[in-house]
Each structure stands twice: as structure tokens, then as C-alpha cells.
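Examination of the molecular architecture
Okay, here's what each chain looks like letter by letter:
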Amino acid sequence: MKAKWLNFKKVLHLIETYMRQRGKLLIRSLTPPKIKKGRPKKYPDEIILTMLFLQIAWKLSFRDVELFAASIFERKNIPDFSTYYYRLKQIPLLLLIDFISFLSNNLLKKYYKEIALIIIDGTGFKYNELYPLKILRGKEIKEIKSHVKVVALSVHLKNGKRFILRVAAGGSYASEVKLGREILKWIVSDGFIREVLRNKPFLGDKAYDSIEFIKELVNLGFRPYIRVRETFRKGIKSGIRKLCKELIKRDRIYRERGRIESIFGELKQDLGSYERTKNFKIAELFVMAKFVLFNLWFLSLLEKFLKNFYLRKVQETWSFFVYLVNSCSVYWLLIFVNIFQTASV
């Protein structure tokens, strides 16, 4: 993943399309009505979101992203860093989560026949306090609250490609089951995604060993490959948990659960695992922006693949046309030589 290679002018155009279709309606539904009318927005939300993605992709500070964005876009459309920071705090987290869903819906419409499996897992991103986490060990680490918990649901295709379907975020060491149930509620509300993902294998580790969570998976039509907790003295009594154990033993597909770890590895290696901010809300936005960039990178790879595919087809057609013209010219040349020989005789 190379987020720096993205064409951010195209990213801005894609954000404008999203805001026009569903983003502005979502903001209106989330913002409470104001009693007093204030000054209207000078800079649109599309520019603020594009600057956010620029800042995360290039690992810039608030001052540097102002200058860098001004070099790409027109200066009159770029706010100063203090205005950008103020406007960034006004952006609801649900807007970025819905933007991830907007991108994943477009990808599902193209690849719904190639879905192999779905994997859910959680990870964490640090903010504010970096150095204590390098020193502390064991239970001392869990006493630090400067931590953003994220649960991601990823779709993996038969050709090995993958993208993020939905993300849920919470505070430090939040329950992965609760965050996972938020994602399942979103799947219930979207009929298209519910039908596309029906009867697909759903993989998860022991963190999702919850009877209620597994029941929701079964009601949605998933095949639950959830690793259940079991010890020598404490066996499995619930029938639905026994179903998960039998599925994992019968099928080797659970070995593919580590694929989602490669997504987290690429994100943290390319974009970093530490957010340079002291504000928890800003840290959440930074983390969500990383998952947005992952889907944008997948879309850019798809665009390059289609461009190369059609270019190759055009080259093949052109080479065949040149071959046809050359063969026809040789054919007419032979006819002309034959006529000349008969005329001379």
C-alpha cells in the first residue's frame, strides 16, 4: 500500500460525489438545529476531508498540510491550519464510517460474485502517549487510556484481493463484541449487502466467542467460523458454540483468518500506528482516515488494472489492423506484378 501515490484531485472529486449523494444529508441529520444563525461555511467539507487524507497519507503536521494542500489545489480554497483544525473537530466520526461503506458498496457491486470469505478482527492505535508504551509491560499497559480501539470487517476475494467493508471505533480497550454488533446492525439495515453476503463464511477469533453474537450471525445467514474458548475442565455446552467448533474442524478455511492481520500490518507500516494528537476525537478521525485510504488505494489499483486492460486490448486491435493492412497490400502487390508480367508477355 502506497497512499502517497494517490491522485488527490480524483480523491476530491470522489468525495464531492459522496457528499452530493448522501454525505450532506447525513451531516444534517447528525447536527442539532441552531437557534442563532452564524456565519456560513467559507470552506466546504470536501476540502477539509481531502486535507485530512493528505495529512494522513504524507504524515504531515497541521501547519505542513496547509502548505502542501495549497501546492496541489488553488490557494483560495485552502483554509489556514487553525481553521482546518477547528473544522476537523466539527466533522462527525460517522461521516467517515459512512464514506467507507460508500466505497465498499461500489466495490461489492463489482465483485459480489468473487467473494470468498469475510473476516472480523480488532486492533488498536496509540495517541498522546507514545514512550510509556515502550517501557511498560503486562497489566501496566492496560492502565494507559490513550488508545483507540477499532474493529474492522474485511471482504476477501477469490483472487486474493481484499478491502474494508465496515469499521467501528471505541475507547481504550472497548469490547470487540459490542463494536462487532454495531457492524452487524448496519448489515441488517442494508438489504443489498445482506443478500450479497448470505451463506458466506464469517471468520473470527476467540474475542467474538459470544452466544448472542454468533446467533446474530446465524440469523443473518452467515456460516460462523468463530474460535470458541474451551479448557480441559470447562467444555462447550451451548449448541451454537458446538456448531462453530464443528465447522472449524470440518473445514480448513479458518486457516485464512490471518489475512486480516496483513491489512492491519500494511496500514501501520505505511501510515503509522501512532496518532500525533492529544485529542481523542481527532485521533478517531485519523484512524478512520487510514481505513478510507486503504479502500481508496484498492480503487486506484482497480482503475489502473482496467486502464492497462483496455490499453492492451486497443494495442492488440491496432496490431491486428496493421497486420491486415499489410497483408492486403502484399496481396494487391502480387496481383499488380502478375498483371504486369502477363502484359509484358
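Let me sum up the structure you'll find in this document. (Residues numbered from 1 in each chain as written. Predicted model: local features only at pLDDT ≥ 70, side-chain atom pairs only at ≥ 80, totals over all residues. Heavy atoms only, no water.)

Turning next to the overall build of the protein chain. In terms of regular secondary structure, the protein chain is built from 12 helices and six strands. By the burial criterion, 46% of the 345 residues in the protein chain qualify as buried. Intrachain contacts of the protein chain at a sequence separation of at least 6 include 72% that bridge at least 24 residues. Per element, the accessible surface of the protein chain, about 20100 Å² overall, is 57% carbon and sulfur. (Helix = DSSP H or I, 4+ residues; strand = E, 2+ residues; numbered from the N terminus. Buried < 20%, exposed > 50% of the residue type's maximum accessible area, 1.4 Å probe, protein only. Contact = heavy atoms within 4.5 Å. Areas by Shrake-Rupley, 256 points an atom, 1.4 Å probe, with all protein chains shown as cover.)

What follows covers the packing of aromatic side chains. Tallied over the full model, the rule gives 17 aromatic pairs. Members of the aromatic cluster, each reached through a chain of ring pairs, are Tyr18, Phe53, Phe99 and Phe102. Lys268 extends its terminal NZ or CZ atom over the ring of Phe125, reaching a point 5.2 Å from the ring centre. (Phe/Tyr/Trp six-rings, centres within 6.5 Å; stacked < 30°, edge-to-face > 60°. Lys NZ or Arg CZ within 6 Å of the ring centre and 35° of its normal.)

Moving on, we get to the nonpolar core. Residues Leu52, Phe53, Leu88, Ile187, Phe202, Phe291 and Leu293 are the most contacted members of the largest nonpolar core, which totals 107 residues. The element that contributes the greatest number of residues to this core is helix α12 (residues 280–344), accounting for 15 residues. Setting aside residues up to four positions removed in sequence, Phe53 forms contacts with Phe8, Val11, Ile15, Leu96, Phe99, Ala289, Val292 and Leu293. (Core = buried A, V, L, I, M, F, W, Y, C linked by side-chain atoms within 4.5 Å.)

Turning to a positive patch on the surface, a few remarks are in order. Together, Lys2, Lys4, Lys59 and Arg276 give the surface a local cluster of positive charge. Looking at where Lys2 falls in the secondary structure, it is placed in the segment before α1 (8–30). (Patch = residues over 30% accessible without salt bridge, like charges linked within 9 Å, V, L, I, M, F, W, Y side chains within 5 Å. Salt bridge = Lys/Arg side-chain N within 4 Å of Asp/Glu carboxyl O. Lys, Arg positive; Asp, Glu negative; His and termini not counted. Charge placed at Lys NZ, Arg CZ, Asp CG, Glu CD.)

Here we come to the pairing of strand β1 (residues 115–127). Most of β1 sits inside the fold, with 11 of its 13 residues counted as buried. Relative to strand β2 (residues 147–157), β1 runs antiparallel, the two being bridged by 11 bridges. Among the inter-strand pairings, Thr123 is bridged to a residue of β2, identified as Val150. Sheet topology places β1 next to strand β4 (residues 201–204); two bridges connect them, and they run parallel. Of the residues in β4, the one forming a bridge with Ile118 is Phe202. As judged from the two bridges shared by β1 and strand β6 (residues 274–275), these two strands associate in the parallel manner. Looking at the pairing, Lys126 lines up with Tyr274 of β6. (Pairing = 2+ DSSP bridges.)

The end-to-end C-alpha separation of helix α7 (residues 176–189) is 20 Å, in line with the 20 Å expected for 14 residues at 1.5 Å each. Three or more residues of α7 are buried, namely Glu176, Val177, Leu179, Gly180, Ile183, Leu184, Trp186 and Ile187. Elements in contact with the buried residues of α7: α5 (93–111), β1, β2, β3 (162–170), α8 (191–196) and α9 (211–220). (Expected span 1.5 Å × (residues − 1).)

In short, shape yes, function no, at least from these values alone.
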